[in-house]
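The lines below spell out each chain.
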Amino acid sequence: MRVWNGTKRPPPRRSGRLRRPLVALVALAAAGVLAAGCGSNGSGSGGMGGYGSSGTAPASGGQSGVAMVSAASTSLGMILVDGSGRTLYLFEKDRPNQSACAGACAAAWPVDQSSGTPKAGSGVKASMLGTIKRGDNTTQVTYNQHPLYYYQGDSGAGQHNGQGINAFGAAWFAVAPAGGAVSGGATATTAANGGGYGYGG
Amino acid sequence: MPALDRSGRAGAATVPLGRGALARSVIGSWVLRVATAAALGIDAVVHWQNAPAYDAVTGTVSQGALFRTEAVVAVVAALLVLIRPRRSSWVVALLVAGSALGAVLLYRYVDLGTLGPLPDMYENTWQVPGKLLSAYAEAAAVLLAALGLLTHRGAAPPHEAAGSQAAGAAARSGPRLPTR
């Protein structure tokens, strides 16, 4: 074993000098990412939490009131909105009158709740409106047997940022007054003509 | 007297650590390890909490199962970095965080459909609880683990081994700061 006598110059450590700028650079980048991460809670997702709650779910259609659903003209065409004009969505993974969205999913896509039979506004067929009881004992509004949701990425009336998004294993679409999903600017896919539920993908 | 390199400056890696430098080294090492573990911990918590919502996204394995696996592996990597800060531990942390970051970015922007046993995990939104925070944490963990690797020394130089055992242990366990 080598014994260090303290007088001879130690072997140069090439990596030590070369590494210093790299270390500083990586440390700076890490600090930047950490700072950015600390400010990332503004995505509307409530940061790490938000589970089991509706987060910033819109007040309209909440458990304390009766939901209103009406139709509004948008760049997507006529779509369903709530009483305050917020876009309502359907989830392709849902089965008729059965929601497949809970937990983190329901935090990202808050359910349209109602304390009673929802009211039909203009352009909406009252016969298609209904409700289902969810696992957490809340009541969710349905339209043509589609459970209805909001999208956390919509901050107000007239927005439909959730249109066509793929999340939690299936796509999300705005809902046409006829009862089907809206695809782009035209009504498409499920039960477009007001017939059956029609989950044909 | 400190050894000098060719430019006449004291060679950081060859100078015995004084008390102040040693203290900074130990503190720096712990800060790096705790920060890396914390970033991996955030990654683990988000994946564990979100897993139930992804149980229905299935291939041969479900996305929920993959999320739980990621959470467990991230916790293991965090513990390794905290308890056993060796080069291999930093490599594990780097791989775990890097693979998670790569996956979330890939499936955020590219629709791969089902891939072998993997389910279709395409999700073109950040509007999922904790998703963005988790991605930032993974990126931070990648950088911190890389920093850990860059500053890690496998064994203390002989002149430090001749010093106190505490100094040697500190040098092995983490980065050493240059002397001034």
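So, how was this worked out
- Residues numbered from 1 in each chain as written.
- Chains lettered and ligands numbered in written order.
- Predicted model: local features only at pLDDT ≥ 70, side-chain atom pairs only at ≥ 80, totals over all residues.
- Helix = DSSP H or I, 4+ residues; strand = E, 2+ residues; numbered from the N terminus.
- Buried ≥ 20, exposed ≤ 12 C-beta atoms within 10 Å, placed from the backbone.
- Contact = placed C-beta atoms within 7 Å.
- Axes fitted to C-alpha atoms, helices over the stretch in contact; angles between N-to-C directions.
- Parallel < 35°, antiparallel > 145°, perpendicular 65-115°, else oblique.
- Left-handed = near helix turned anticlockwise from the far one by under 90°.
- Pairing = 2+ DSSP bridges.
- Core = buried A, V, L, I, M, F, W, Y, C linked by C-beta atoms within 7 Å.
- pLDDT = per-residue confidence, 0-100.
- Nonpolar A, V, L, I, M, F, W, Y, C, P; charged D, E, K, R; others polar.

Asks: Help me understand the overall build of chain B, please; the structure alone is not making it clear to me.
Replies: For chain B, the helix and strand inventory stands at six helices and zero strands. Ordering the α and β elements of chain B from the N terminus gives α-α-α-α-α-α. With 180 residues in all, chain B has 48% of them scored as buried. In chain B, 69% of the contacts between residues at least 6 apart in sequence involve partners at least 24 apart.

Asks: Explanation requested: the overall build of chain A in the structure shown.
Replies: Each helix and strand in chain A was counted, giving two helices and 11 strands. Secondary structure elements of chain A occur, N-terminal to C-terminal, as α-β-β-β-α-β-β-β-β-β-β-β-β.

Asks: I keep staring at the packing of helix 1 (residues 19-50) of chain B against helix 2 (residues 63-83) of chain B and nothing clicks. Help me out?
Replies: When two helices pack together, their arrangement is given by the angle between the helix axes and by the axis-to-axis distance. Residues and elements named next belong to chain B. One way to put it is that helix 1 packs onto helix 2 with a least axis distance of 8 Å and a crossing angle of 165 degrees. As the angle between them shows, helix 1 and helix 2 are arranged roughly antiparallel. Helix 1 and helix 2 meet at a crossing whose hand is left-handed. Contacts from Arg33, Thr36, Ala37, Leu40, Gly41, Asp43, Ala44, His47, Trp48 and Asn50 in helix 1 reach Phe67, Arg68, Glu70, Ala71, Ala74, Val75, Ala77, Ala78, Val81 and Leu82 in helix 2.

Asks: Would you mind going over the sheet that holds strand 7 (residues 146-147) of chain A with me for this structure?
Replies: Remark on secondary structure: sheet strands pair via backbone hydrogen bonds, oriented parallel or antiparallel. Residues and elements named next belong to chain A. Reading across from one edge, 5-6-7 is the order of the three strands in this open sheet, with antiparallel pairing throughout. Looking at strand neighbours, the two that pair on one side only are strand 5 (129-133) and strand 7, the edges of this open sheet. Summarising the sheet, strand 6 (residues 139-143) and strand 7 pair through two bridges and their orientation is antiparallel. Paired with Thr142 across the two strands is Pro147, which belongs to strand 7.

Asks: Would you take a moment to explain the sheet that holds strand 4 (residues 119-120) of chain A for this structure?
Replies: All names here are of chain A. One open sheet holds the three strands; their spatial order is 2-1-4, and the pairing between them is mixed. Two strands in the sheet have a free side with no partner beyond their single neighbour: strand 2 (77-82) and strand 4. Sheet analysis places strand 1 (residues 68-74) next to strand 4, joined by two bridges and oriented parallel. Note that in strand 4 the partner of Val69 across the bridge is Ala120.

Asks: Got a minute to help me understand the nonpolar core in this structure?
Replies: One broad trend across soluble globular proteins is that nonpolar side chains are buried collectively. Of all hydrophobic cores here, the largest spans 89 residues; its most connected members are Tyr89, Trp109 and Val175 of chain A together with Leu40 and Ala93 of chain B. Of all the elements, helix 4 (residues 131-151) of chain B adds the most residues to this core, at 14 residues.

Asks: I keep staring at the confidence of the model for chain A and nothing clicks. Help me out?
Replies: In regions of low pLDDT, the predicted coordinates are not meant to be interpreted in detail. Residues and elements named next belong to chain A. Across chain A, the average pLDDT comes to 77, with 66% of residues at or above 70. Here strand 11 (residues 186-188) stands out as the element of chain A with the lowest mean pLDDT, 39, in contrast to strand 7, whose mean of 98 is the highest. In this model, residues 41-57 is a region of pLDDT below 50 whose contacts with residues beyond four sequence positions or in other chains number 47 contacts. In the predicted structure, residues 185-201 sits below a pLDDT of 50 and forms 34 contacts with residues beyond four places in sequence or in another chain.

Asks: Please clarify how unusual backbone geometry should be interpreted in this entry.
Replies: With the exception of glycine, the majority of residues adopt a negative phi angle, and the majority of peptide bonds are in the trans configuration. Residues and elements named next belong to chain A. In this model, Asn144 sits at a positive phi of 50 degrees, which is unusual for a non-glycine residue. Relative to the helices and strands, Asn144 is located in the loop between strand 6 and strand 7. With 25 C-beta atoms packed within 10 Å, Asn144 lands in the buried category. Residues other than glycine seldom take positive phi values, yet Phe168 does so here, at roughly 60 degrees.

Asks: It is not clear to me how the packing of helix 1 of chain B against helix 4 of chain B should be interpreted in this structure. Could you clarify?
Replies: Residue and element names in this part refer to chain B. Packing of helix 1 against helix 4 leaves a shortest axis separation of 8 Å and a crossing angle of 150 degrees. As the angle between them shows, helix 1 and helix 4 are arranged roughly antiparallel. Handedness of the helix 1/helix 4 crossing: left-handed. For the pair helix 1 and helix 4, contact is made by Leu32, Ala35, Thr36, Ala39, Leu40, Ile42, Asp43, Val46 and His47 and by Leu133, Ser134, Ala137, Glu138, Ala140, Ala141, Leu144, Ala145, Leu147 and Gly148, respectively. When its residues are assigned to classes, the contact of helix 1 with helix 4 shows 13 nonpolar, four polar and two charged.

Asks: Looking at this structure, how should I read the environment of Leu76 of chain A?
Replies: Tracing the backbone through its elements, the reader meets Leu76 of chain A in the loop between strand 1 and strand 2. Sequence separation between Leu76 of chain A and Ala174 of chain A is 98 residues, and the spatial gap between their C-alpha atoms is 8.4 Å.

Asks: Sorry if this is basic, but what is going on with the environment of Ser114 of chain A here?
Replies: Relative to the elements of secondary structure, Ser114 of chain A occurs in the loop between helix 2 (104-108) and strand 4. For the pair Ser114 of chain A and Ser73 of chain A, spaced 41 residues apart in sequence, the C-alpha separation works out to 23 Å.

Asks: Can you help me understand the pairing of strand 2 of chain A in this one?
Replies: In summary, the side chains of a regular strand alternate between the two faces of the sheet. Residues and elements named next belong to chain A. Two strands pair when backbone bridges link them, and strand 1 and strand 2 are joined in this way by six bridges, in the antiparallel orientation. By the bridge assignment, Thr74 is partnered in strand 2 with Gly77. Taken together, strand 1 and the strand that follows it, strand 2, pair antiparallel across an intervening segment of two residues.

Asks: Sorry, what's going on with the confidence of the model for chain B here?
Replies: Residue and element names in this part refer to chain B. Across chain B, pLDDT averages 82, with 76% of residues at or above 70. Note that pLDDT drops below 50 for residues 155-180; the model gives that stretch 58 contacts with residues more than four away or on any other chain. Quick note on the complex model: pTM equals 0.73, ipTM equals 0.71.

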